[in-house]
Amino acid sequence: MPVEKTAEAGAAGPAQKKSRRRKPKAERPAESPPPARKPAEGPATEARRQARIQPARPILKRFGEMVLSEPMLAALSEAGYEAPTPVQAGLIPKALEGRDLMGQAQTGTGKTAAFAIPLLEKLTDKPRQRDPSALVLVPTRELAVQVRDEFAKLIGKRKLNAVAVYGGKPIRGQIEHLRQGAEIAVGTPGRVLDLIDRRALNLGAIEHVVLDEADRMLDIGFRPDIEKILRRCPQSRQTLLLSATIPPPVKRLAERYMHEPEMLDFSPKDVAVETIEQFYFTVDPQRKFDLLTRLIEREQPRQAIVFCRTKRGTDRVGARLARRLNSAAVIHGDLPQKLRDRVMADFRAGKVRYLVATDVVGRGIDVTSISHIINFDIPEFCDDYVHRVGRTGRMGREGVAYTFVSPEEGNELTRIEMRINRLLQRDEIAGFDAIARPEPIEAATAEPAQTAQTAKPKPVFGRRTRRIRRAL
Ligand code: AMP
């Protein structure tokens, strides 16, 4: 739910925000405790933050060097896309040849345009017909809207239509859009099947199918729906599959429903994009919210997503955050679609600065100005970590991700580190005890008393975990 500004939120008005900004080292009073990490390693200062916002990645070649039509080049120039991203440079020419392709690519790499451009090129000179020629299946409603919007941008002045069909919105409007004629249908598998059953969507003329974020669609349990849909599409179609990861279920789907697909790997060597700095905090569960507010004070994110595991947890954190800060909102699958759309529009427009989200909904978010990802709850699955962190560092910009780890969650952290083949750096906030220290023991006890200063914090990692961490 979008969370209202409260009287307390006023305390975080622009003037106060400015004064809370972490001062550069030289300005800090001499008596203030030194930060736990050297500032040079920390992502906190404004200068560093600015320096991290780099333009998009190196250019491979210009779109003009690809064999693309005039209307497409015009639409690309109108969209401000000067050069293809690596995924686009690799995928577009092969997709134009008409073959089946499996591309391992994360969101934020320009993968939508990588399949939209060749599809639109194929559809441009086709005589108009009522039924769609291209079908794009996506895991979430948000992604359906985003992909439809990307198509709309790249269609430019051509007479082509892309329609988004997804649950949570009245089906009637979507049926009407399809009736008016759409060359491209972008939808979630459940709604697509529903429309087929109502005879509002006919797949008989489909020539191109895209399975976008295939791993996520299978995670959510869409496999039976996807298979039903694919069986209804003509066998002669071209199938493109995009996925951040290619686990065995995705491979099996490809083997079954694709024709000798070529595999193209655009995944960065580090699974989590290398421009993203990644840190963790060890924290007692009951101190997480305090840590969150201290971290936000220190970092002053341009825009941040705070990920929680559960919908209820998301509501709780969002409500507490809104009592302290301006412009916090919540998004998760239980909220009405209209509200989700509004929250997303506000987040895109920068009116919402802090978005508290669950994995399923947060996954499709593509907003280039997200500077920080905060994993308030460590993700349950390693792939979710990769996807959460991938919300920042979009289009080659740099970003930073923080993960809160409670003393019992050391193994989970290790699993993530093994998955991304990289160690997260430990962070601390000066003067803030994220782990409650044991109380001093009374002098009368036989054992020498441990004071708060001498008491060792509870180890975060077990012996086995430490061994795994060393072995990495
Ligand atoms: P995606 O990976 O498809 O989610 O794309 C991430 C963002 O990059 C979207 O906002 C696109 O509009 C944008 N984008 C895609 N291709 C290019 C390009 N060649 N140049 C600049 N921006 C792009």
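Above this text you will find the structure in question.
Calculation rules
- Residues numbered from 1 in each chain as written.
- Predicted model: local features only at pLDDT ≥ 70, side-chain atom pairs only at ≥ 80, totals over all residues.
- Helix = DSSP H or I, 4+ residues; strand = E, 2+ residues; numbered from the N terminus.
- Buried ≥ 20, exposed ≤ 12 C-beta atoms within 10 Å, placed from the backbone.
- Contact = placed C-beta atoms within 7 Å.
- Near = placed C-beta within 6 Å.
- Domains from an automatic or database assignment.
- Pairing = 2+ DSSP bridges.
- Axes fitted to C-alpha atoms, helices over the stretch in contact; angles between N-to-C directions.
- Core = buried A, V, L, I, M, F, W, Y, C linked by C-beta atoms within 7 Å.
- Parallel < 35°, antiparallel > 145°, perpendicular 65-115°, else oblique.
- Left-handed = near helix turned anticlockwise from the far one by under 90°.
- Nonpolar A, V, L, I, M, F, W, Y, C, P; charged D, E, K, R; others polar.

1. Description of the overall build of the chain
No. 1: Helix and strand counts for the chain come out as 18 helices and 14 strands.
No. 2: A total of 472 residues make up the chain; the buried ones form 42% of that total.
No. 3: Sequence-distant contacts, at least 24 apart, represent 75% of the contacts inside the chain between residues at least 6 apart.

2. Some points on the site of the ligand
No. 1: Near the ligand lie 16 residues; those nearest to it are Tyr81, Thr107, Gly110, Thr112 and Ala113.
No. 2: Top contributing element to the shell around the ligand by residue count: helix 5 (residues 111–124), with three residues.
No. 3: Split by domain, the shell around the ligand shows at least three residues from each of two domains, domain 1 (45–265) and domain 2 (276–426).

3. Focus on the sheet that holds strand 2 (residues 134–137)
No. 1: Reading across the sheet, the seven strands line up as 3-4-2-5-6-1-7 and stay open at both edges, with parallel pairing between neighbours. Strands at the two margins of the open sheet, each flanked by one partner only, are strand 3 (162–165) and strand 7 (262–265). Averaged over all pairs of adjacent strands, the angle between strand axes in this sheet comes to 15°, irrespective of strand direction.
No. 2: Bridge count between strand 1 (residues 101–104) and strand 6 (residues 238–243): four bridges; the pairing is parallel. Its bridge partner being in strand 6, Gln104 is matched across the sheet by Ser243.
No. 3: Most of the contacts of helix 8 (residues 189–197) go to strand 3, to which it runs at about 100°, and overall it touches strand 2, strand 3 and strand 4 (184–187).

4. Topic: the nonpolar core
No. 1: In this structure, Phe115, Leu120, Val136, Leu137, Ile184 and Val186 are the most contacted members of the largest nonpolar core, which totals 65 residues.
No. 2: The greatest single-element share of this core, amounting to eight residues, is contributed by helix 5.
No. 3: Of all hydrophobic cores here, the second largest spans 49 residues; its members include Tyr354, Ile370, Val400 and Ala434.

5. Observations concerning the packing of helix 8 against helix 10 (residues 223–232)
No. 1: Contact pair helix 8 / helix 10: the axes reach a minimum separation of 9 Å and the direction vectors enclose 45°. In terms of axis orientation, helix 8 runs oblique to helix 10. For the pair helix 8 and helix 10, the crossing hand works out as left-handed. Each of Pro189, Gly190, Val192, Leu193 and Ile196 in helix 8 lies in contact with helix 10, whose residues at this interface are Asp225, Ile226, Lys228, Ile229 and Arg232.
No. 2: Each residue belonging to the contact of helix 8 with helix 10 can be placed in one class, and the counts come to six nonpolar, one polar and three charged.

6. Some thoughts on the pairing of strand 8 (residues 276–282)
No. 1: Counting buried positions along strand 8 gives six out of seven residues, so the element sits mostly inside the fold.
No. 2: Inspection of the sheet shows strand 8 paired to strand 14 (residues 425–426) by two bridges, in the parallel sense. Note on strand 14: the bridge partner recorded for Tyr280 is Arg426.

7. Some points on the sheet that holds strand 10 (residues 328–331)
No. 1: Read across the sheet, seven strands follow the order 10-11-9-12-13-8-14 without closing on themselves; strand pairing throughout is parallel. Each edge of the open sheet is held by one strand with a lone partner, namely strand 10 and strand 14.
No. 2: Running over the sheet, helix 14 (residues 337–348) touches strand 10 and strand 11 (354–357) and is turned about 135° from strand 10.
No. 3: In this fold helix 16 (residues 382–389) packs onto strand 8, strand 9 (304–307), strand 12 (372–375) and strand 13 (399–405), with an angle of close to 150° to the strand it touches most, strand 12.

8. Notes on the environment of Asp290
No. 1: Within the secondary structure layout, Asp290 lies in helix 12 (residues 288–299).
No. 2: What makes Asp290 partly exposed here is the crowd of 15 C-beta atoms within 10 Å.
No. 3: Remark: the alpha-carbon pair of Asp290 and Phe432, spanning 142 residues in sequence, is separated by 9.1 Å.

Worth remembering: the numbers are spatial, not functional.
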